[in-house]
Amino acid sequence: MIAHRLLHRLLQHPEGQSRADLGSVVGMSTDALEGLLVALQAEGVQLQMDGDRVRLVDARGAWGPHTLAWRTARPVHHHQSCPSTNRIARELARVTPHGAPLPVVVADHQSAGRGRRGRVWSASPGQNLLFSVVLRPALTPADMPRAILAWAAAMADVLDVSLKWPNDLVVSRGDGYRKLGGILAELETASSDEVPAIPTSVVLGVGINVSQTAFEDLPLATSLALLGRTVIDRAELLGALVQAIDAVDVQADDLLDLWRRRACMLGRTVRVGDLVGVAEGIRDDGALMVSGRPVLAGDVELISR
């Protein structure tokens, strides 16, 4: 988190700071500080260095582990390519001590990305946001579904898009929708002979289409670029999403109110498996109510009626 402290300090002092002051703030030697400044420049952070003075010129568009840690205010594990950010995040969740800052795993490309229900999540390298967030809410397994809905709603609010149950980020289009992103939540649990399995961590895997404009064999996909919303700074957007997740109060009585306001299918006719009916709302446990019947899992299809 050293880069976070350094860049935050430079933001607070637009006139610049001496290397000695910066080294004192972040607790680094002169040589180590110089190495960090070079690394930040390699990620695209524009720094002006006149003699002993360092000034932040612009960080828009910068991308790399130091920039991402600054934007998310979390430790970041950045990979140009990996099989799955969720897989790495689950391993990190097992070894991160309680009370330590929880990591975010970010990849420019995934070779084995997964969506819900075992589907493949494919995305063009370097054009989207692919990340996994480790969370440790004090919740029982029964409370997890509603927390996951709330985290999805927090991200939908940042992106100003709708939600399709349970946690697809979508844009409504007439009687249908276009999918902007998806969320895959996985629980890490601990158990013993005396204590049943309890969640120790939640890994929230997120894929959001940002700059990609072609989606082969995915006619319902869209991106922020296709919506006319050019994103210059993916790292800044990632930071806003992670901080929105972290701001969710999972104990709040009105936890699902934002999800309900962002939902695209409530009051409309839907199909879930063999069940066709009106999506009336969601219960406080996260179940979708379709014509009086609770649905706990499945894919929702909007029906043109």
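Structure's up top.
Notes on the structure follow. It should be emphasised that the depicted structure is a prediction, and the values quoted were computed from it without experimental measurement.

Cut-offs applied
- Residues numbered from 1 in each chain as written.
- Predicted model: local features only at pLDDT ≥ 70, side-chain atom pairs only at ≥ 80, totals over all residues.
- Heavy atoms only, no water.
- Helix = DSSP H or I, 4+ residues; strand = E, 2+ residues; numbered from the N terminus.
- Buried < 20%, exposed > 50% of the residue type's maximum accessible area, 1.4 Å probe, protein only.
- Contact = heavy atoms within 4.5 Å.
- Phe/Tyr/Trp six-rings, centres within 6.5 Å; stacked < 30°, edge-to-face > 60°.
- Lys NZ or Arg CZ within 6 Å of the ring centre and 35° of its normal.
- Pairing = 2+ DSSP bridges.
- Axes fitted to C-alpha atoms, helices over the stretch in contact; angles between N-to-C directions.

By secondary structure assignment, the location of L10 is in helix α1 (residues 2-12). Residue L10 is classed as buried on the basis of its relative accessible area of 1%. With 44 residues separating them along the chain, L10 and V54 place their C-alpha atoms 8.1 Å apart. Filtering out sequence-adjacent residues up to four positions away, L10 remains in contact with Q17, L22, L47, V54 and L56.

On to the packing of aromatic side chains, then. For any pair of aromatic rings, the description rests on two quantities: the centre-to-centre distance and the angle between the ring planes. A full pass over the atoms with the stated rule returns zero aromatic pairs. Residue placement shows R234 over the ring face of W63; its charged tip is 3.8 Å from the ring centre.

Of all eight residues that make up helix α4 (residues 65-72), six are buried, and the element is covered over most of its length. Where the residues of α4 are buried, they touch α1, β4 (76-79), β5 (104-107) and α7 (234-246).

Turning our eyes to something else, we now look at unusual backbone geometry. Here the bond from W165 into P166 is cis, since omega is 0 degrees, no more than 30 degrees from zero. Tracing the chain through its elements places P166 in the loop between β7 (162-164) and β8 (168-173).

The subject of this paragraph is the sheet that holds strand β11 (residues 269-272). With antiparallel pairing, five strands are arranged side by side in an open sheet as β14-β13-β12-β11-β15. Edge strands, defined here as strands with exactly one partner in the open sheet, are β14 (293-295) and β15 (300-302). In this sheet, adjacent strand axes meet at a mean angle of 50 degrees when their direction is disregarded. In this structure, strand β13 (residues 288-290) lies alongside β14, joined through three bridges in antiparallel fashion. Note on β14: the bridge partner recorded for M289 is P294.

Here three strands make up an open sheet; going across it, the order is β1-β3-β2 and the pairing antiparallel. Here the strands that pair on one side only, and so sit at the sheet edges, are β1 (17-18) and β2 (46-50). Alignment of β2 against strand β3 (residues 53-58), held across five bridges, turns out to be antiparallel. Bridge pairing links D50 to R53 in β3.

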